[in-house]
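Residue-level structure breakdown
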Amino acid sequence: MFKEETLRRFRTIRTPFYYYDMDLLGETLSSCSKEAGRYGYGLHYALKANSNTEILSRISKSGFGADCVSGNEIRAAINNGFHPGGIMFSGVGKSDEEIRLALELKIESINVESRQEMEVINELAGAMGVTADISLRIIPNVDAQTHRYITTGLEENKFGILPWEFDEVLEKLKTLAHLRLKGLHFHIGSQITDLDVFKSLCHRVNEINAWFISNRVNAEIINVGGGLGIDYGDPERYPVPDFFSYFRIFKNFIELQGNQQLHFEPGRAIVGQSGSLIAKVLFVKKGVATRFAIIDAGMNDLIRPALYQSYHKIENLTSREATEKYDVVGPICESSDCFGKSVTLPKTSRNDLLAIRSAGAYGQTMSSGYNLRDLAGTVYSDVE
Ligand code: LLP
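Below is a short write-up of the structure.

Rules of the game
Residues numbered from 1 in each chain as written. Predicted model: local features only at pLDDT ≥ 70, side-chain atom pairs only at ≥ 80, totals over all residues. Heavy atoms only, no water. Helix = DSSP H or I, 4+ residues; strand = E, 2+ residues; numbered from the N terminus. Buried < 20%, exposed > 50% of the residue type's maximum accessible area, 1.4 Å probe, protein only. Pairing = 2+ DSSP bridges. Axes fitted to C-alpha atoms, helices over the stretch in contact; angles between N-to-C directions. Near = heavy atom within 4 Å. Polar contact = N/O pair within 3.5 Å; in protein donor to acceptor, adjacent residues only side chain to side chain. Nonpolar A, V, L, I, M, F, W, Y, C, P; charged D, E, K, R; others polar.

**As for unusual backbone geometry**
In the segment running from threonine 15 into proline 16, the intervening peptide bond is cis, with an omega of -5 degrees. Positive phi values are uncommon outside glycine, yet arginine 216 reaches one of about 60 degrees. On the secondary structure map, arginine 216 appears in the loop between helix H8 (196–214) and strand E8 (221–223). Judged by relative accessible area, arginine 216 falls into the exposed class, the value being 76%. Although it is not a glycine, glutamine 309 sits at a positive phi angle of roughly 55 degrees. Structurally, glutamine 309 is set in the loop between helix H11 (304–308) and strand E12 (314–316).

Structural data, given as structure tokens:
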């Protein structure tokens, strides 16, 4: 995957750093837009996956709207070319300042996650003399069959409004003069690889949409969130996710009224495969039952393996020798600071460069300065 000239470039850059293949990002964006475009579906990129300036401006230029979950994400979206009128704002705990910002900027929709939040938005909008466009974030009770930490559409999760609250919500809405109900919003989880899960989501959305229609609420926007997974096991096999099959499921199973538009909020599927975390081997140490390759990237740079036990393919970019097995670990004083156990790599030595693949989504955005470490650098394939 990495060309010789790219490797030569890597040798000159201080590690660890995130490397983004901007050609692959471009291809992914074109494929997603093309497949969604067949059916006129709306796309909002979920900034939480990766909010680097270069990446956001590339995505906004491709005509995407934005899905934001904080005031700062809304600002980052606007600073990087997204139109306020194409921004959705979700989140179970929006502060008053964040709600006011969304109202001032007249974003497309504030996705409301509780009855109390509806009242607060109404009050703030009233005080500002504006009407808030809102969507109701609904818990559809569809199991995303993914890691429990990234499952969001079940009754026990904290997100959204439950179906047995609908009557009360509609009653309440009638009394809230500064709200306009624009959409219904669903997001059931992330890294979903079984496309049948989306079929189940469609069936549930149809039932819920029909209930609202029978209660004389015809939402303009039906937003089914994000969640499409990527191939962590073999990033070269499908570097661009199968957007064709993904959108076709919705085309085949979702039932919309003539005025209703279907919207999506992909994050991982857009940026995941474009990014790799590049690190240098500091030491190779023999343990009792294993050999450790100790690298200069840690769980503060990429927390996914420690937090979700997630797999990321690891490659040695500089050795061609016979393979051996290594536990690839970082320098942080926690045993969870491990990127992979028993990883088969060509014989690995001090100063070799390793790539931790499929790290473009939820890598850099979730990094921290734990242990007072410097943040990893950022390198784009198309910026010298
Ligand atoms: N829309 C909403 C309302 C969301 O909460 C999310 C992700 C998305 C869209 C985008 O989902 P995606 O297409 O990326 O699956 N840190 C975790 C993932 C957390 C996802 C949170 N919500 C990880 O590293 O796997």
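**Let's talk about the sheet that holds E8**
On the basis of which strands lie adjacent, the closed barrel formed by 8 strands has the order E2-E3-E4-E5-E6-E7-E8-E9 and parallel pairing. Ignoring strand direction, the axes of neighbouring strands in this sheet form an average angle of 30 degrees. Pairing between strand E7 (residues 179–185) and E8: 3 bridges, direction parallel. Bridge pairing links glycine 183 to isoleucine 221 in E8.

**Points about the site of the ligand**
Surveying the vicinity of the ligand reveals 19 residues, the closest of which are Ser190, Glu265, Arg304, Tyr308 and Tyr362. With respect to the ligand, the backbone of glycine 267 contributes an N or O atom lying 2.9 Å from an oxygen atom. Here a nitrogen atom of the ligand and a side-chain polar atom of tyrosine 308 are 2.7 Å apart. Grouping the amino acids of the shell around the ligand by side-chain chemistry returns 6 nonpolar, 7 polar and 6 charged.

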